[in-house]
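Residues per chain are reported as follows:
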Amino acid sequence: MASTSTSGRGEQEPDPFFVLEPPNKRIKSALSTDQYDVFINHRGPDVKETLARQLYDSLHQAKIRAYLDPPQTELGDFFPSAIRNAIFSAGVHIAIFSPRYVESAWCLAELALMFQTKARIIPLFYNVNPSDFRYIKNRVADTFSIHEGRYPSHDIEQWKECLQNVSGIKGYEFNGQNDDLNKLCLDVVSAVIKEAKKKKIPLQVAKYEVGLDEVVNDFHSHCQRNGQMRDKIIGIFGMGGSGKTTLAKYFFNSKHSQFSKSSFLFDVRENHVKAKLTSLQNKLLNDLFPEKHLSVSSIEEGAAYIKHELQESHKSSFLIVIDDVNHQNQLDALLPIDALNPNSLVIVTTRDERLLTHAGIRVRYKMKEMNLEHSRLVFCWHAFHRPSCKKGFENLVDGFVKACGGLPLALEVMGGHVFGCDKAYWKLQLDVLKARLHKDIRDTLKISYDALEEDEKQIFMDIACCFIGKDVRRAISIWKASGWRAEHALQTLKAKCLVEITLGFGSVSSPDIIDNYESSFFFRMHDHLRDLGREMADTEMNHPPRLWHPEDLIGMRDIKGIQDILTWSEGKSFRCYSRTLDDASNLAME
């Protein structure tokens, strides 16, 4: 790894080809990323505390989200990932060419990525001659010699081509004093605002858009009537990692041009945790009413501003996406339902259907598991970077696809995890996946578990350990005998997509029939949720314990719950519907 020259982001320069590969060459580990309007490409030692810093401050004052090495970003694994994500999310790139710019492989690698995004690039020539970059001459040509032998020749040629191309773009030149610098920053900010009004850069939906057309068609058929949305607010719900945000981004990209203004609010749940709901309110106001330069400092003030501005703009149409909501307070802060006009549309994504119901959102779409064909395609794209399986890996691919259970998150994570590895490693990881969840998958699913009340967690673990495929009515009677609010807990688990109630082979669509369950209703749970529930039952030190492996029963008497029909080593079996073995009235020996 190179580490001797200075870079645009720090004094020690790691290999830019490892850290700045574009998304079509490298699996992104982050499932969601911060979004920026502007990315500032620069060589830090030359301009960070002069032009770059003043330009960043000017953009910030204009409520434009710019990326310039945020202080919370440190050199390391997250740092290059943040740069890459910032480049691909920004709608405008500003490239500051300084006297020693070309010495930085970081700057050149960033510039190459900027061209790949096809977003607008605004060049600023800071005390340099643009013709030196256009024709690769004088000091620019001499400086390229330091890269020869350290990086592949075809990449160096690509960098030169990018410099030549960018120098032909109309930009700004600076060779003056502070007053000129102030004017330059104001001119650039005006150009950025003009570009933002002219074109909204599409959101990056997914690395490999497999099966999205079918999902969107199903979404439209469910939510539309005569080609129009059935309501001005649509809810999308499903378990973590099922593709809710992906569907919302795809829809947003295809429809935002049909509205006067649009805004996509990412990671509402996470921002609420970090007490940043006001930042989302400010983003919404800035996206919908940029000319007013509105700014709020409290949630109450923000909610009032949003409602007032929407009511005053009754002739305009707005498309708003509120992503990953998990509390009514978030909708209250961001979505004044009574202020929306009929020409506007709001999409809300959440893991909890009940939240949509309580908010009065009548049209709701539930994410479905990915079918076998699309699951195999997604996994192969991430595991082999092609749509077909590598020869000799067919059985292993089928094993992973089956273990992932149609969950897009799991297919992406596990495909990327085994990319470039041999069969022995694949077999090991498949065995590991069958035994326990990958950390990235587990962390995503556990968010829903952590939001449960204590009795809801207990019932979730009971289902995962003992009641999958078992009679709902009998389970409810057991939970009631323990003093738990069984019906209420099942309502919550079903609304949060943590469990399904099935009638034969079909799924029960209405959660309101729990009081009327008959013996033909059974529990169903995604394999990953089952594994999460069993892991929680093991790790949360429940006592007495839950057991679902027959061998664990030998010699044990203090047991909280056991799975239906277990075989003792002596060859005898018994059926247990009781919460403890002390409750002999419900224990029938066979």
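None of the values given here were measured: they were computed from a predicted structure.

The next thing to look at is a negative patch on the surface. On the surface, Glu209, Asp213, Glu214 and Glu373 cluster together into a negatively charged patch. Residue position: Glu209 is located in the loop between α8 (178-198) and α9 (212-223). Among the residues examined, Glu209 registers a relative accessible area of 46% and is labelled partly exposed.

A word on the environment of Ile320. Relative to the helices and strands, Ile320 resides in strand β10 (residues 318-325). Overall, the relative accessible area of 3% leaves Ile320 in the buried class. In this structure the C-alpha to C-alpha distance between Ile320 and Ser263, which are 57 residues apart in sequence, comes to 5.0 Å. For Ile320, the residues in contact, after removing those within four places along its chain, are Ser263, Leu284, Leu288, Leu345, Val346 and Ile347.

Turning to the sheet that holds strand β3 (residues 92-97), a few remarks are in order. Pairing is parallel across the open sheet formed by five strands, whose spatial order is β2-β1-β3-β4-β5. Two strands in the sheet have a free side with no partner beyond their single neighbour: β2 (66-67) and β5 (172-174). Where strand β4 (residues 120-126) meets β5, three bridges bridge the pair, whose relative direction is parallel. By the bridge assignment for β5, Leu124 is matched with Tyr172. Contacts between helix α4 (residues 105-117) and the sheet are confined to β1 (38-41), β3 and β4, with β1 contributing the most and set at about 145 degrees to the helix. Packed onto the sheet, helix α7 (residues 153-167) meets β3 and β4 and runs at close to 90 degrees relative to β4.

A separate point is the packing of helix α21 (residues 454-467) against helix α24 (residues 527-539). When two helices pack together, their arrangement is given by the angle between the helix axes and the distance between those axes. Where α21 contacts α24, the axes come no closer than 8 Å and their chain directions differ by 110 degrees. When the interaxial angle is binned, α21 and α24 end up roughly perpendicular. Considering the relative orientation of α21 and α24, their crossing is left-handed. Only Leu529, Arg530, Gly533, Arg534, Met536 and Ala537 of α24 make contact with α21, whose side of the interface consists of Phe460, Met461, Ala464 and Cys465. Of the residues that constitute the contact of α21 with α24, the class distribution is seven nonpolar, one polar and two charged.

To continue, consider the pairing of β1. The alternating pattern of β1 places Val38 and Ile40 on one face and Phe39 and Asn41 on the opposite face, and all of these are buried. When β1 meets β3, the two strands line up parallel, connected through four bridges. Among the inter-strand pairings, Asn41 is bridged to a residue of β3, identified as Ala95. Note: β1 against β2, two bridges, orientation parallel. The residue bridging Phe39 from the neighbouring strand is Tyr67, located in β2. As for the winding sense of the linkage, the β-α-β connection from β1 through helix α2 (residues 44-61) to β2 is right-handed.

Turning our attention to the pattern of salt bridges. Counted under the stated rule, the structure contains 17 salt bridges. For Glu49, the salt bridge goes to Arg53, with nearest N and O atoms at 3.7 Å. Of this pair, Glu49 and Arg53 both sit in helix α2, four residues apart, roughly one helical turn. The class of Glu49 is exposed, set by a relative accessible area of 60%. A salt bridge links Lys283 to Asp287, with the nearest nitrogen and oxygen atoms 2.5 Å apart. Taken as a pair, Lys283 and Asp287 lie in helix α12 (residues 277-288) at a separation of four residues, close to a single helical turn.

Let us look at the side chain of Glu456. Its place among the elements puts Glu456 in helix α21. Although Glu456 lies buried, it forms no salt bridge, and the closest oppositely charged side chain, Arg485, sits 4.6 Å away as judged by the N-O distance. Beyond its immediate stretch of four places on either side in the chain, Glu456 contacts His488, Ala489, Thr492 and Leu493.

On to the packing of aromatic side chains, then. Tallying each qualifying case throughout the model produces 22 aromatic pairs. Ring centres 5.3 Å apart and planes at 90 degrees place the aromatic pair Phe219 and Tyr365 in the edge-to-face group. Separated by 146 residues along the polypeptide, Phe219 in helix α9 and Tyr365 in strand β12 (residues 363-366) bring together distant segments of the chain. For Tyr365, a relative accessible area of 3% translates into the label buried. An aromatic cluster is built from Phe379, Phe384, Phe393, Phe400 and Trp426, whose rings are joined through pairwise contacts. Above the face of the Phe144 ring, Lys160 is positioned so that its terminal group lies 5.3 Å from the ring centre.

As a further point, take the confidence of the model for the protein. Across the protein, pLDDT averages 77, with 78% of residues at or above 70. Scored below 50 in pLDDT, residues 1-8 shows 36 contacts in the model against residues more than four places distant or in partner chains. A low-confidence stretch, residues 504-518 (pLDDT under 50), is modelled with 28 contacts involving residues beyond four sequence positions or located in other chains.

This part takes up the packing of helix α20 (residues 439-450) against α24. Where α20 contacts α24, the two axes come as close as 10 Å, and the packing angle between them is 75 degrees. Taken together, α20 and α24 sit at an angle that is classed as roughly perpendicular. Of the residues in α24, those in contact with Ile441, Arg442, Leu445, Lys446 and Tyr449 of α20 are His528, Leu529, Leu532, Glu535 and Met536. When grouped by side-chain class, the residues that make up the contact of α20 with α24 number six nonpolar, one polar and three charged.

An ideal rise of 1.5 Å per residue puts 20 Å on 14 residues; α21 measures up with 18 Å between its terminal C-alpha atoms. Across the 14 residues of α21, 13 count as buried, placing the element largely inside the fold. Looking one or two residues beyond α21, the residue adopting positive phi is Gly469, at roughly 80 degrees.

Strand-to-strand pairing in sheets goes through backbone hydrogen bonds, with the strands running parallel or antiparallel. Spatially, five strands are ordered β9-β10-β11-β8-β12 in an open sheet, and the strand pairing comes out parallel. Looking at the sheet topology across the chains shown, the edges are occupied by β9 (261-265) and β12. Each strand axis lies, on average, 15 degrees off the axis of its neighbour in the sheet, ignoring direction. Where β10 and strand β11 (residues 345-350) come together, five bridges link them in parallel fashion. Bridging from a neighbouring strand, Leu319 pairs with Leu345 of β11.

Rules behind the numbers
Starting from 1, residues in each chain are numbered consecutively following that chain's sequence as written. This being a predicted model, a pLDDT of at least 70 is required before a residue's local features are given, and a value of 80 or more before pairs of side-chain atoms are given or counted; all residues contribute to the totals for chains, interfaces and linings. Side-chain calculation: all heavy atoms of the structure are included, whereas hydrogens and water are not. A residue counts toward a patch only above 30% relative accessible area and without a salt bridge, and it is joined to like-charged neighbours within 9 Å or, for Val, Leu, Ile, Met, Phe, Trp and Tyr, to nonpolar neighbours within 5 Å. All accessible-area figures derive from a Shrake-Rupley calculation using a 1.4 Å probe, and residue coverage is judged against the displayed protein chains alone. Only one rule defines a salt bridge in this text: a Lys or Arg side-chain nitrogen within 4 Å of an Asp or Glu carboxyl oxygen. In summary, the charge assignment counts Lys and Arg as positive and Asp and Glu as negative, without counting His or the chain termini. A charge is said to be at NZ when it belongs to Lys, at CZ for Arg, at CG for Asp and at CD for Glu. Per the convention used, a helix needs a DSSP run of H or I reaching at least four residues, while a strand needs a run of E reaching at least two, with both numbered from the N terminus. When a residue's accessible area, from a 1.4 Å probe over protein chains only, is under 20% of the maximum for its type it is buried; when over 50% it is exposed; and in between it is partly exposed. We call two residues contacting when some pair of their heavy atoms lies within 4.5 Å. Two strands make a pair as long as DSSP finds a minimum of two bridges between them. The axes are straight lines fitted to the C-alpha atoms, using for helices just the contacting stretch, and the angles between their N-to-C directions are given from 0 to 180°. Convention used here: angles under 35 degrees read as roughly parallel, angles over 145 as roughly antiparallel, angles from 65 to 115 as roughly perpendicular, and any remaining angle as oblique. Each crossing gets its handedness from the near helix: less than a right angle anticlockwise from the far helix is left-handed, clockwise is right-handed. The residue classification treats Ala, Val, Leu, Ile, Met, Phe, Trp, Tyr, Cys and Pro as nonpolar and Asp, Glu, Lys and Arg as charged. All others, Gly included, are polar. For crossovers, right-handed means that the path from the first strand over the helix to the second runs clockwise, given strands pointing away from the viewer. Any Phe, Tyr or Trp ring, taking Trp's six-membered ring, that has another such ring centre within 6.5 Å forms a pair; planes under 30 degrees apart are called stacked, those over 60 apart edge-to-face, and the others tilted. For a Lys NZ or an Arg CZ to count as sitting over a ring, it must be within 6 Å of the ring centre and within 35 degrees of the ring normal. Residue-level confidence of the predictor, termed pLDDT, takes values from 0 up to 100. Helix span is expected to be 1.5 Å times the residue number reduced by one.

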